[in-house]
Amino acid sequence: QVHLVESGGGLVQAGGSLRLSCAASGFTSKYYTIGWYRQAPGKEREDVGCISSNDDSTYYADSVKGRFTISLDKVNHTVDLQMDSLKAEDTAVYYCNARIFQGLSILHDYWGQGTQVTVSE
């Protein structure tokens, strides 16, 4: 069973930086994607970005492109989200998701508990 734990959230002023980490355990699959999502109070959960174990390709939402960077350590099963030039609009709870594949079929989604990021103006 896969267990995900996010860490690194906190309070930062606009223009500052934070690095979030997602530590995975019980992870043996070779084919998966790791996605970062966020949810602000009263709003739907939205994509931040993701990375694929198949080819290390990344995707970023337009709202964070050029400011956020996802990195994957396949050996230690750790995923980081480096956030630079933070804005007040980035304030949200950030979640890590692991999606396990067999071919093109999704076997299961795993979620972490989330970590709070607050950006003050």
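In this text, all values refer to a predicted model and were calculated from it rather than measured experimentally. Counting restarts for each chain: residues are numbered from 1 in the order of the written sequence. For this predicted model, a pLDDT threshold of at least 70 governs which residues receive local features, and a threshold of 80 or more governs which side-chain atom pairs are given and counted, while totals over whole chains, interfaces and linings are taken from all residues. The basis for the side-chain values is all heavy atoms of the structure; hydrogens and waters are excluded.

Participant: Can you help me understand empty space enclosed by the protein in this one?
Facilitator: Taking a probe equal in size to a water molecule and rolling it over the atoms shows the remaining empty space. Points on a 1 Å grid, built from protein atoms alone, make a cavity when a 1.4 Å probe fits but cannot get out and make a pocket when they are open with protein on both sides within 12 Å along at least 5 of 7 lines; residues with an atom within 4 Å of a point are the lining residues. Grid points are joined across faces, edges and corners, and a volume is the space filled by probe spheres set on the points. Scanning the model with the defined rule gives 1 cavity of 30 Å³ or more in all. Lining the largest cavity, in full, are Cys22, Ala24, Phe27, Tyr32, Ile34, Leu72, His77, Thr78 and Val79. For the lining of the largest cavity, the secondary-structure elements that each account for two or more residues are strand E3 (18–25), strand E4 (32–39) and strand E8 (78–83). Polar here means any residue other than Ala, Val, Leu, Ile, Met, Phe, Trp, Tyr, Cys and Pro, which are nonpolar, and Asp, Glu, Lys and Arg, which are charged; Gly is therefore polar. Of the residues that constitute the lining of the largest cavity, the class distribution is 7 nonpolar, 2 polar and no charged. In this description a helix means any DSSP run of H or I spanning at least four residues, a strand means any run of E spanning at least two, and both kinds are numbered starting from the N terminus.

Participant: Is there a simple way to explain the sheet that holds strand E7 (residues 68–73) in this structure?
Facilitator: The pairing of strands in a sheet happens through backbone hydrogen bonds and is either parallel or antiparallel. The pairing criterion for strands is at least two bridges between them, as found by DSSP. With respect to topology, 4 strands assemble into an open sheet ordered E1-E3-E8-E7, the strand pairing being antiparallel. The sheet is open, and its two borders are formed by strand E1 (3–7) and E7, each paired with just one other strand. Between one strand axis and the next, the sheet turns by 15° as a mean value, whatever way the strands run. Where helices are involved, their axes are fitted lines through C-alpha atoms of the stretch in contact, as for all axes, and angles between N-to-C directions lie from 0 to 180°.

Participant: Help me out: how do you make sense of the state of the cysteines in this one?
Facilitator: By definition, a disulfide links two cysteine residues through a covalent bond between their sulfur atoms. Note on terminology: pairs of cysteine sulfur atoms within 2.5 Å are recorded as disulfides. Throughout the structure, instances matching the rule amount to 1 disulfide. The disulfide that involves Cys22 links it to Cys96, with 2.2 Å between the sulfurs. What sets the handedness of the Cys22 and Cys96 disulfide is the S-S torsion sign, and at about -80° it is left-handed. Taken together, the positions of Cys22 in strand E3 and Cys96 in strand E9 (residues 92–102) put the pair 74 residues apart, joining distant regions of the chain. As far as burial versus exposure is concerned, Cys22 and Cys96 are alike and both buried. Free of any disulfide, Cys50 has its nearest cysteine sulfur in Cys96, 11 Å distant. Exposure classes here rest on a 1.4 Å probe applied to the protein chains alone. A residue is buried below 20% of its type maximum, exposed above 50%, and partly exposed in between. Since its relative accessible area comes to 29%, Cys50 is described here as partly exposed.

Participant: Teacher, can you tell me more about the nonpolar core here?
Facilitator: Side chains of nonpolar character tend, in soluble globular proteins, to be buried together. As used here, the term nonpolar core means buried Ala, Val, Leu, Ile, Met, Phe, Trp, Tyr and Cys residues forming a set that is joined through side-chain atoms within 4.5 Å. Within the largest apolar cluster, 32 residues are counted, with the highest numbers of intra-cluster contacts made by Leu4, Trp36, Phe68, Leu81, Met83 and Tyr94. The set of elements that each furnish at least two residues to this core consists of E3, E4, strand E5 (46–52), E7, E8, E9 and strand E11 (115–120). Take this core: its biggest share by element is 5 residues, from E9.

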